[in-house]
Amino acid sequence: MRERQSRKYLVVMGLMVIGFTLMSGIMAWALDVSDIRPEWTEEGKKLALQRTQWPTKEKRVVIPAGWFTMGSNKKIDRKAYRPEMPQRQVYLDAFEIDAYEVTALEYLRFVVDTGRPPLPDWKFDGGNFQESMAHHPVMHVTWYDADAYCRWAGKRLPTEAEWEKAARGTDGRIYPWGNTPAGLTRANFGRSGISGPVRDRPERLLLYPPIISVDKYEIGISPYNVFQMAGNVAEWVNDWYDPDYYQTAPDRNPQGPSTGEHRVFRGGGWMDSTPTVRTAQRNGTAPETQANWLGFRCAAGLKDDLTHSIPTP
């Protein structure tokens, strides 16, 4: 009798584990909709054209020429790992970078001007995003999409080194705001993905992630007043990804490897943990990747007429 109950218990527990595994898989799949491609309707196109006249939050900041501390030192940052090392001094020419991640509204102007289809999240009113999403960071864009947008806007994707300097300044801080561990008052990270702005459509709650407007978290800005270099969405940069690149990279205006299979993304996103939103954390993925945790911002070169030679660090 006891043996029969034990077997029954094991069967029930096994079925529960299988059910939980299946549900987890379904939820994880539902978190992203990059395989869904909406199409414009005629009314949707008209509405999109009207929305391109809405004001955006676009703003650039200048990052001055000079040396900064790039990479990680395991003695200072215990969460550092091999692709971030060694820590070293790197010189960059002056450049500009977007203060905010590129928004859905800004990207809409590009989409309309170049005749592209709506993005996976633009499912409302004939191919549009809800008004509450206008100033959220754009997502579900490939590296090629991000590169094309920046070129269309007269800019370019930042290099990995430019991104890191804009995020941490010159003193090697672990997070944009300093060395204080990340918390939910400083960055949008560590979220479950089961909430969002589409509250009138309960079936969409798992399809739209808990991202926020690009100008939030003033308490977490970088030394150059660049917003959300930690969390919300991770960001494509220009470089090919090589986990060993920091060991051989030049110390002046590094451009990344000349070839590769993956492109670098930085900054961590809404679902990431504390180690992933550090300023030195680096990773890469296929440039064709589209995800609801991955966006971008643009940069541009800036002539520094006052700098005729590169000083020593």
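Residues numbered from 1 in each chain as written. Predicted model: local features only at pLDDT ≥ 70, side-chain atom pairs only at ≥ 80, totals over all residues. Heavy atoms only, no water.

### A short note on the state of the cysteines
Consideration 1: Applying the stated rule across the entire model yields 1 disulfide.
Consideration 2: Here Cys150 pairs with Cys298 through a disulfide, and the sulfurs are 2.2 Å apart. Of note, the bridge from Cys150 to Cys298 carries an S-S torsion of about -90 degrees and is left-handed in sense. Of this pair, Cys150 sits in helix H4 (residues 143–152) while Cys298 sits in the loop between strand E8 (294–296) and strand E9 (299–301), placing them 148 residues apart in sequence.
Consideration 3: Classification of Cys298 as buried rests on a relative accessible area of 0%. (Disulfide = S-S within 2.5 Å. Helix = DSSP H or I, 4+ residues; strand = E, 2+ residues; numbered from the N terminus. Buried < 20%, exposed > 50% of the residue type's maximum accessible area, 1.4 Å probe, protein only.)

### Observations concerning the pattern of salt bridges
Consideration 1: According to the stated counting rule, one finds 18 salt bridges in the structure shown.
Consideration 2: Here Glu164 and Arg266 are joined by a salt bridge, their closest N and O atoms 2.9 Å apart. A residue pair is termed long-range when its members are at least 10 positions apart, and Glu164 in helix H5 (residues 160–168) and Arg266 in strand E6 (residues 263–266) qualify at 102 residues. Arg266 shares its class with Glu164; the two are buried.
Consideration 3: Via salt bridges that share partners, Glu160, Glu164, Arg168, Arg266 and Arg282 belong to a single interconnected network. (Salt bridge = Lys/Arg side-chain N within 4 Å of Asp/Glu carboxyl O.)

### Overview of the sheet that holds strand E7 (residues 282–285)
In any sheet, the strands associate via hydrogen bonds between backbone groups, in a parallel or an antiparallel arrangement.
Consideration 1: Judged by pairing direction, the sheet is mixed, and its 4 strands sit side by side in the order E7-E6-E5-E8 without closing on themselves. Looking at which strands have only one partner, the edges of the open sheet turn out to be E7 and E8. The mean inter-strand angle of the sheet, taken between neighbouring strand axes irrespective of direction, is 50 degrees.
Consideration 2: Pairing of strand E5 (residues 234–240) with E6, which is carried by 3 bridges, proceeds in the antiparallel orientation. Note that in E6 the partner of Glu235 across the bridge is Arg266.
Consideration 3: Across the sheet, H4 touches E5, E6 and E8, and the angle it forms with E5 is around 85 degrees. (Pairing = 2+ DSSP bridges. Axes fitted to C-alpha atoms, helices over the stretch in contact; angles between N-to-C directions. Contact = heavy atoms within 4.5 Å.)

### Brief notes about the packing of aromatic side chains
Consideration 1: Scanning the model with the defined rule gives 13 aromatic pairs in all.
Consideration 2: Aromatic side chains Trp143 and Tyr144 sit 5.5 Å apart centroid to centroid with 85 degrees between the ring planes, which places their arrangement in the edge-to-face category.
Consideration 3: Positioned above the aromatic ring of Tyr246 is the side chain of Arg88, whose terminal nitrogen or guanidinium carbon lies 4.5 Å from the ring centre.
Consideration 4: Here the basic side chain of Arg263 rests over the ring of Trp143, its NZ or CZ set 3.8 Å away from the ring centre. (Phe/Tyr/Trp six-rings, centres within 6.5 Å; stacked < 30°, edge-to-face > 60°. Lys NZ or Arg CZ within 6 Å of the ring centre and 35° of its normal.)

### Brief notes about the pairing of E5
Consideration 1: Within E5, 6 of the 7 residues are buried, leaving the element largely enclosed by the surrounding structure.
Consideration 2: Sheet topology places E5 next to E8; 3 bridges connect them, and they run parallel. Following the sheet pairing, Trp236 is matched in E8 by Phe296.

### What about H4?
Consideration 1: Taken residue by residue, H4 has Trp143, Asp145, Ala146, Asp147, Tyr149 and Cys150 as its buried positions.
Consideration 2: At the N-terminal boundary of H4, the capping side chain belongs to Thr142, with an oxygen 3.2 Å from the backbone nitrogen of Tyr144.
Consideration 3: Downstream of H4 by a residue or two, Gly154 has a phi angle that is positive, lying close to 80 degrees. (Polar contact = N/O pair within 3.5 Å; in protein donor to acceptor, adjacent residues only side chain to side chain.)

### Things to note about unusual backbone geometry
Consideration 1: Geometrically, the link from Met85 to Pro86 is a cis peptide bond, its omega value of 5 degrees lying close to zero.
Consideration 2: Along the chain, Pro86 falls in the loop between strand E2 (66–70) and strand E3 (88–92).
Consideration 3: Unlike most non-glycine residues, His140 shows phi in positive territory, near 60 degrees.
Consideration 4: Along the chain, His140 turns up in the loop between helix H3 (104–114) and H4.
Consideration 5: Phi at Tyr217 is positive, roughly 65 degrees, even though this residue is not glycine.

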